[in-house]
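Secondary and tertiary structure notes
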Amino acid sequence: MPRPELLKDVVPCVTHQNAERIIRRAFPGFSNISFTLSELSFGMINRVYRLSDVKGELDASCLPSTMILKVDNPHWGHRKSSNEVAIMQFLHQLYDCGILHAPLVPRIYDYDDTGNILSEPPAAYILMQCMPGEPLEPLYASLSSAQKLHALEQLADFYARMKSVYIEPQRYGCFSELNLTEPFRATCTLVPEVDLFIGPCDTLRDWFTSTYAAQIGQAKDLINDV
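Residues numbered from 1 in each chain as written. Predicted model: local features only at pLDDT ≥ 70, side-chain atom pairs only at ≥ 80, totals over all residues. Heavy atoms only, no water.

Topic: the pairing of strand β2 (residues 47-57)
As paired strands, strand β1 (residues 31-39) and β2 are joined by six bridges and run antiparallel to one another. Along β2, the bridge assignment pairs Ser34 with Lys55. Relative to strand β3 (residues 67-71), β2 runs antiparallel, the two being bridged by five bridges. By the bridge assignment, Tyr49 is partnered in β3 with Leu69. (Pairing = 2+ DSSP bridges. Helix = DSSP H or I, 4+ residues; strand = E, 2+ residues; numbered from the N terminus.)

Here it is in structure tokens:
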């Protein structure tokens, strides 16, 4: 079971006023903004919202009609969301230069980790594109063998294309920055791994050793609390 501080109940709820401030920050210049705010039912750690029927006066063609707002658990500070943003933006660099053939990752419209907008408690958020289609997980069991194979082949190709890019330095942790410098080469800035606050580690063996040590320490803490 996740520790209580990791459950999404400690994540601040987004009000309509908060969401409007986030939209205005991402798309300045619009007036009379209207939208429908609804919290999605899935997600145990973070809160995820759908902003639908978004309208505003200025140039409505520049304002997406549907967006996704993800609010991170304050337990991680800004590191978890900054890692996700760095990876998603990097994958779009791979798409823009032709390494990836399909935009399978949502575009980032805005990201903030200052806690100035969602401040009780301070939490980072990501405002992103709402991708078309249906989630694969609830549909997977009903797919035919051929459909499952086709989906897995697409995922394998996507993963192989990501792995074709050499990232420096070759260490293990979470990304805070990740940029393509030339075809199939990239540089990164690493921070400690967000869940257990370990690393960055020089080798995979060091990462596993640190991970197991941290998990054993957590287990001892839980036993002592009983």
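Having put the structure on the table, let's press on.
A word on the side chain of Asp110
Looking at where Asp110 falls in the secondary structure, it is placed in strand β4 (residues 108-112). At 2.7 Å, the side chain of Asp110 and the side chain of Arg25 are in polar contact. Looking at Asp110, its side chain comes within polar contact range of the side chain of Tyr125, at 2.9 Å. Excluding residues that lie within four positions of it along the chain, Asp110 makes contacts with Ile22, Arg25, Ala26, Tyr125, Ile126 and Leu127. (Polar contact = N/O pair within 3.5 Å; in protein donor to acceptor, adjacent residues only side chain to side chain. Contact = heavy atoms within 4.5 Å.)

Observations concerning the environment of Ile108
Looking at the secondary structure, you find Ile108 in strand β4. Remark: the alpha-carbon pair of Ile108 and Ala26, spanning 82 residues in sequence, is separated by 9.7 Å. If sequence neighbours within four positions are ignored, Ile108 has contacts with Met88, Gln89, Ile126, Leu127 and Met128.

Description of the packing of aromatic side chains
Evaluated as defined, the whole model comprises three aromatic pairs. Geometrically, the ring pair formed by Phe208 and Tyr212 is stacked, given 6.1 Å between the ring centres and 25° between the ring planes. Here Phe208 pairs with Tyr212, and both are found in helix α5 (residues 204-225), just four residues apart, close to one helical turn. Put simply, the rings of Trp207, Phe208 and Tyr212 touch in pairs and so form one group of aromatic residues. (Phe/Tyr/Trp six-rings, centres within 6.5 Å; stacked < 30°, edge-to-face > 60°.)

By themselves, these figures tell us nothing about what the structure is for.
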